[in-house]
Amino acid sequence: INTFSKKTFSKDAEIIESSQKEISLMELIIHCMPNESKSNVRRLIIQKAVSVNGEKIEDEEKKFDLEKMDELKIKIGKKRFYEVVYKWVMWVKLI
């Protein structure tokens, strides 16, 4: 109830791990909601239904540097909450 009445971020947010250092808003939402079409994601952005860290974002090309950010809290609509964390991946070349 506090999530809606006091407009706080849900503690039950789904945690999404990403290995990409820099990611656009469009890619980020598609990463969170893989079953949504790009046109539907674009519509959500245009309708101001997407906020990142409490700020409404309308630019689908806006880039986020996940490596430098501690956490990225995404709210889509009224009921979908995601927390995106950067997962560092080390690639080792075997000879």
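A quick note: this is a predicted structure, and the numbers were derived from the prediction, not measured.

**Student:** What exactly am I supposed to notice about the environment of aspartate 65 here?
**Tutor:** For aspartate 65, the position within the fold is in strand β5 (residues 63-65). As for aspartate 65 and isoleucine 23, which are separated by 42 residues in sequence, their C-alpha atoms are 6.7 Å apart. Once residues within four sequence positions are removed from consideration, aspartate 65 is found in contact with Lys21 and Glu22.

**Student:** Could you clarify how one ought to interpret the pairing of strand β6 (residues 72-76) in this entry?
**Tutor:** Within a regular strand, the side chains alternate between the two sheet faces. Of the two faces of β6, only one is covered, namely that formed by Leu72, Ile74 and Ile76; the face formed by Lys73 and Lys75 stays uncovered. Both strand β3 (residues 50-52) and β6 contribute to a ladder of three bridges, which runs antiparallel. Following the sheet pairing, valine 50 is matched in β6 by isoleucine 76. By the bridge criterion, five bridges tie β6 to strand β7 (residues 80-86) in an arrangement that is antiparallel. Its bridge partner lying in β7, leucine 72 is registered against valine 84. Taking the residues that link successive antiparallel strands as the turn, the β6-β7 hairpin has three residues, and the phi of glycine 77 there is positive, at about 70 degrees.

**Student:** Looking at this model, I keep getting lost on helix α2 (residues 25-32). Mind explaining?
**Tutor:** Residue pairs spaced three or four apart in an α-helix point in one direction, given the helix's 3.6 residues per turn. Those residues of α2 not exposed but buried are Leu25, Met26, Leu28, Ile29 and Cys32. Projection of α2 onto a plane perpendicular to its axis shows the buried side chains occupying an angular sector of 160 degrees, all on one side.

The rules behind these values
- Residues numbered from 1 in each chain as written.
- Predicted model: local features only at pLDDT ≥ 70, side-chain atom pairs only at ≥ 80, totals over all residues.
- Heavy atoms only, no water.
- Helix = DSSP H or I, 4+ residues; strand = E, 2+ residues; numbered from the N terminus.
- Contact = heavy atoms within 4.5 Å.
- Buried < 20%, exposed > 50% of the residue type's maximum accessible area, 1.4 Å probe, protein only.
- Pairing = 2+ DSSP bridges.
- Arc of directions from axis to C-beta.

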